[in-house]
Amino acid sequence: MIFYDGTYRLQRKKRRKTIISGRYAPAWRVRIIDFTLSLPGVRHIKPTAVVATSLSNECFKTNCAESIGKRICRDFNLKVSNILWFENFEDDPATVYTATFKPRPSPGFDLFYDIKWRFASPNEIKAIGRYIPEIYALS
């Protein structure tokens, strides 16, 4: 069941506007799926999926997971180890990728992650395609 479907925008410092040279800052349509709501009796290895789709027609140097992934996880109280993160990139919009997050040791209290991308497997696409039919069009 999709429990969030909305837009997340890359935020800038308060002094800067959210407009970069006449255009809005990068934004993604983010949909969060909780598999446990539709299948409560089943135990899931990764009970939550995040599907991010770029709303910009321009390429930018980063993707949603690297830019605002921590903010999305914080806003919805998601554990990074319990989510499947799906995204497609501007240079290859017909392919769906899955992110793997690995905690990186860092000084201080802030936790950082190394993100590795791989092609989404057919069964992963099938799992989210039930909720987001346009994903099937990409595979």
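## A short note on the overall build of the protein chain
Scanning the protein chain from N- to C-terminus turns up four helices and eight strands. Counted from the first residue to the last, the protein chain has its helices and strands arranged as β-β-β-β-α-β-α-β-β-β-α-α. Looking at the protein chain alone, contacts between residues at least 24 apart form 54% of all its contacts between residues at least 6 apart. Carbon together with sulfur atoms contributes 55% to the accessible area of the protein chain, which is approximately 9,100 Å² in total.

## Regarding the confidence of the model for the protein chain
Of the residues in the protein chain, 82% have a pLDDT of 70 or more, and the chain-wide mean is 81. Confidence drops under a pLDDT of 50 for residues 18-22, and excluding neighbours within four residues, the segment shows eight contacts in the predicted structure.

## Considerations on the environment of F3
With respect to the secondary-structure elements, F3 resides in strand β1 (residues 2-9). F3 sits in the partly exposed class, given a relative accessible area of 35%. Along the backbone, F3 and I32 are 29 residues apart, and their C-alpha atoms lie at a distance of 5.9 Å. Once residues lying within four places of it in the same chain are set aside, the contact partners of F3 are I32, I33, D34, F76 and L78.

## Concerning the pattern of salt bridges
Counted under the stated rule, the structure contains four salt bridges. Among the salt bridges present, the one from R29 reaches D5, with a minimum N-O distance of 2.7 Å. Residue R29 is located in strand β4 (residues 27-34), and its partner D5 is located in strand β1; the two are separated by 24 residues in the primary sequence. A salt bridge links R74 to D75; its shortest N-O distance comes to 3.5 Å.

## Focus: unusual backbone geometry
Glycine aside, a negative phi is what most residues show, and trans is what most peptide bonds show. Of note in this structure, N77 is not a glycine but carries a positive phi near 55°. With respect to the helices and strands, the residue N77 is situated in the loop between α2 (64-75) and β6 (83-89).

How each quantity is defined
Residues numbered from 1 in each chain as written. Predicted model: local features only at pLDDT ≥ 70, side-chain atom pairs only at ≥ 80, totals over all residues. Heavy atoms only, no water. Helix = DSSP H or I, 4+ residues; strand = E, 2+ residues; numbered from the N terminus. Contact = heavy atoms within 4.5 Å. Areas by Shrake-Rupley, 256 points an atom, 1.4 Å probe, with all protein chains shown as cover. pLDDT = per-residue confidence, 0-100. Buried < 20%, exposed > 50% of the residue type's maximum accessible area, 1.4 Å probe, protein only. Salt bridge = Lys/Arg side-chain N within 4 Å of Asp/Glu carboxyl O.

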